[in-house]
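# A closer look at the structure
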Amino acid sequence: VQLQASGGGLVQAGGSLRLSCAASGRTFSTYAMGWFRQAPGKEREFVAGITRSGYVTRYSDSVKGRFTISRDNAKNTVYLQMNSLKPEDTTVYYCAADRVGWSIREDPREYDYWGQGTQVTVSS
């Protein structure tokens, strides 16, 4: 599976962005998907995850209520809608695929495939 993340950019605090992650291959619907972020010098942090069916989602406490993860298996794409953005959300965001599709795991080491990252910058 190859993943291509897009949608990052510069936005003012309180604004919104929608990240997309397009996957190649026919097996996208079998993977759980996650969004992570990583600031320079810090560990990669779980942001949100969604099971292969799309019925179950999970969020980190720092984004709960502001971000929404969704997926369209017909389009091989997973999304991260980010609302009420804060300057502390500024960093690079990555999408990832986990072959354990029925569970959402927060440890980035459990994921099998990664996109290249997209920069999100929130100005105050």
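The structure contained in this document is the topic of the report that follows. (Residues numbered from 1 in each chain as written. Predicted model: local features only at pLDDT ≥ 70, side-chain atom pairs only at ≥ 80, totals over all residues. Heavy atoms only, no water.)

## Some thoughts on the sheet that holds strand S1 (residues 3-6)
The strands that make up a sheet pair up through hydrogen bonds in the backbone, lying either parallel or antiparallel. Strand order in this open sheet of 4 strands is S1-S3-S8-S7, and the pairing throughout is antiparallel. At either margin of the open sheet sits one strand with a lone partner, and together these are S1 and strand S7 (67-72). The mean inter-strand angle of the sheet, taken between neighbouring strand axes irrespective of direction, is 15°. When S1 meets strand S3 (residues 17-23), the two strands line up antiparallel, connected through 4 bridges. Looking at S3, one finds that Gln-4 is bridged to Ala-22. (Pairing = 2+ DSSP bridges. Helix = DSSP H or I, 4+ residues; strand = E, 2+ residues; numbered from the N terminus. Axes fitted to C-alpha atoms, helices over the stretch in contact; angles between N-to-C directions.)

## Considering the environment of Arg-58
The residue Arg-58 is located in strand S6 (residues 57-59) in this model. Owing to a relative accessible area of 35%, Arg-58 belongs among the partly exposed residues under this scheme. Here the alpha-carbon distance between Arg-58 and Thr-27, two residues 31 residues apart in the chain, equals 22 Å. With near-sequence residues (within four places) excluded, Arg-58 lies in contact with Phe-46, Val-47, Ala-48, Gly-49, Ile-104 and Glu-106. A polar side-chain atom of Arg-58 sits 2.7 Å from the main-chain carbonyl oxygen of Ile-104. (Buried < 20%, exposed > 50% of the residue type's maximum accessible area, 1.4 Å probe, protein only. Contact = heavy atoms within 4.5 Å. Polar contact = N/O pair within 3.5 Å; in protein donor to acceptor, adjacent residues only side chain to side chain.)

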